[in-house]
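# Architecture and fold: a report
Single-letter residue listing:
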Amino acid sequence: MSTTVVALANQKGGVGKSTTAVNLSASLALSGKRVLLIDLDPQGNATSGLGVERASIETSIYDVLLKESSIEDAIEPTSVRNLFIVPATIDLAGAEIELVSVLSRETRLKAAIASTGDEFDFVFIDCPPSLGLLTVNALTAADEVVIPIQCEYYALEGLSQLLRNIQLITNSLNPSLKVGGVVLTMYDGRTKLSKDVAQQVRDYFGDVAYKTVIPRSVRLSEAPSYGEPIEAFDPMSRGAIAYRQLGREFLERHREEE
């Protein structure tokens, strides 16, 4: 099986993007897949969420994109078997501007991932909450985009812009790119708002929307401060059960496509 590259993108911040990147990756790794998570967000939430100490990082995704470092040098193991990460540091904050003048600036990440060969079953890319050159790199490298959408007021605002950008990348840089899934996050079944947003998303995206919804959960928001995915932090919590279910649904979709 060749490597499948998945970008997690939404230019709105605070939608559970890094949480989904960490926990979906961990779920697949625990089911026996070899998974690489690339943290492309200068905030580095996926990096800290998997317990990587910022101070100990010698080679980061910044070095891979702008310093010609090999991605192999940047890959670090995590506490989860089969799950590896390319960490982000604050250096990445300046990368948007630095990339502007670089040759083949949109395809640097794609080239880096290609150099890993078939070492991984899945590569996930946690995008920054913007539509700049880092996200363009991710979308150019990806086979599919997974869009986390939180069940809040304004959830669908800005979505048409993201979909337009995905279409632009498809037209000009990556003709095989598709929206592979939409994940509803921070769902609170007690509120009419959550139910309404979920229904709107399902009406709009149809089968592209995952059946599994991720609940609003205190345990999910606590886990990153311990540097662990929810599966390790509290495997019986609602959040852990939801991400396990999402992992199964994700793999089912990819088996159907093979």
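Residues numbered from 1 in each chain as written. Predicted model: local features only at pLDDT ≥ 70, side-chain atom pairs only at ≥ 80, totals over all residues. Heavy atoms only, no water.

Okay, the pairing of strand β4 (residues 83-86) next. Burial of β4 is two-sided: the residues Leu83 and Ile85 facing one way and the residues Phe84 and Val86 facing the other way are all buried. Direction of pairing for strand β2 (residues 35-39) relative to β4: parallel, over a ladder of four bridges. Paired with Ile38 across the two strands is Val86, which belongs to β4. Bridging between strand β3 (residues 76-77) and β4 involves two bridges; their strand directions are antiparallel. Bridge assignment links Pro77 to a residue of β4, and that residue is Phe84. With antiparallel pairing between neighbouring strands as the criterion, β3 and β4 make up a hairpin whose turn holds five residues, including Asn82 at a positive phi of roughly 75 degrees. (Buried < 20%, exposed > 50% of the residue type's maximum accessible area, 1.4 Å probe, protein only. Helix = DSSP H or I, 4+ residues; strand = E, 2+ residues; numbered from the N terminus. Pairing = 2+ DSSP bridges.)

This paragraph deals with the layout of surface pockets. The volume enclosed by the largest pocket comes to roughly 240 Å³. Looking at the largest pocket, the residues that line it are Arg202, Gly206, Asp207, Ala209, Lys211, Thr212, Gln245, Arg248, Glu249, Glu252, Arg253 and Glu256. Every element with two or more residues in the lining of the largest pocket is listed here: β8 (209-215) and α12 (238-257). The biggest single contributor to the lining of the largest pocket is α12, with six residues. (1 Å grid on protein atoms, 1.4 Å probe; cavity = no way out; pocket = protein on both sides within 12 Å on 5 of 7 lines; lining within 4 Å. Points joined across faces, edges and corners; volume = space filled by probe spheres on them.)

What follows covers the sheet that holds strand β7 (residues 178-187). Taken together, the eight strands give an open sheet; going across it, the order is β3-β4-β2-β5-β1-β6-β7-β8, and neighbouring strands pair in mixed fashion. Among the strands making up the open sheet, the edge pair consists of β3 and β8. Two elements, strand β1 (residues 4-8) and strand β6 (residues 144-150), share three bridges in a ladder whose sense is parallel. Each bridged residue has a counterpart across the sheet, and for Leu8 the counterpart in β6 is Val146. Along the sheet face, helix α1 (residues 17-30) touches β1, β2, β4, β5 (122-126), β6 and β7 and points at about 165 degrees away from the line of β5. Packed onto the sheet, helix α8 (residues 159-172) meets β6 and β7 and runs at close to 175 degrees relative to β6. (Contact = heavy atoms within 4.5 Å. Axes fitted to C-alpha atoms, helices over the stretch in contact; angles between N-to-C directions.)

Here the focus is a nonpolar patch on the surface. Among the surface-exposed residues, Tyr153, Tyr154 and Leu193 lie close enough to one another that they form a single nonpolar patch of about 360 Å² accessible area. Relative to the helices and strands, Leu193 resides in helix α9 (residues 192-205). Residue class for Leu193 comes out partly exposed when judged on its relative accessible area of 35%. (Patch = residues over 30% accessible without salt bridge, like charges linked within 9 Å, V, L, I, M, F, W, Y side chains within 5 Å. Areas by Shrake-Rupley, 256 points an atom, 1.4 Å probe, with all protein chains shown as cover. Salt bridge = Lys/Arg side-chain N within 4 Å of Asp/Glu carboxyl O.)

Moving on, we come to the nonpolar core. Within the largest apolar cluster, 53 residues are counted, with the highest numbers of intra-cluster contacts made by Ile38, Ile61, Leu109, Ile125 and Ile147. For this core, the element with the highest residue contribution is helix α7 (residues 133-141), accounting for six residues. In this structure, Ile147 is in contact with Ala9, Asn10, Leu159, Leu162, Leu163, Ile166, Val179, Gly181, Val182 and Val183, ignoring residues within four places of it in sequence. Among the nonpolar cores identified, the runner-up in size contains 33 residues, and Ala29, Ala46, Val52 and Ile85 belong to it. (Core = buried A, V, L, I, M, F, W, Y, C linked by side-chain atoms within 4.5 Å.)

In terms of burial, α7 is a largely internal element, nine of the nine residues being buried. Within the sequence span of α7, burial applies to Leu133, Leu134, Thr135, Val136, Asn137, Ala138, Leu139, Thr140 and Ala141.

A side chain with one charge may pair with a side chain of the opposite charge, provided their charged atoms come close. Per the counting criterion, the structure on display carries 11 salt bridges. Residue Lys17 pairs with Asp41 through a salt bridge whose shortest N-O separation is 3.9 Å. A residue pair is termed long-range when its members are at least 10 positions apart, and Lys17 in helix α1 and Asp41 in the loop between β2 and α2 (45-49) qualify at 24 residues. When sorted by exposure, Lys17 lands in the same class as Asp41, which is buried. A salt bridge links Arg105 to Glu106, with the shortest nitrogen-to-oxygen separation between them at 3.5 Å. Among the charged side chains, a salt-bridge network with shared partners connects Lys17, Asp41 and Asp126.

Attention now moves to unusual backbone geometry. Unlike most non-glycine residues, Asn82 shows phi in positive territory, near 75 degrees. For Asn82, a relative accessible area of 16% corresponds to the buried category. In the Ramachandran plot, Met186 falls in the positive-phi region, its phi being about 55 degrees despite a non-glycine side chain. Residue placement: Met186 occurs in strand β7.

Purely geometric stuff here, so don't read any function into it on its own.
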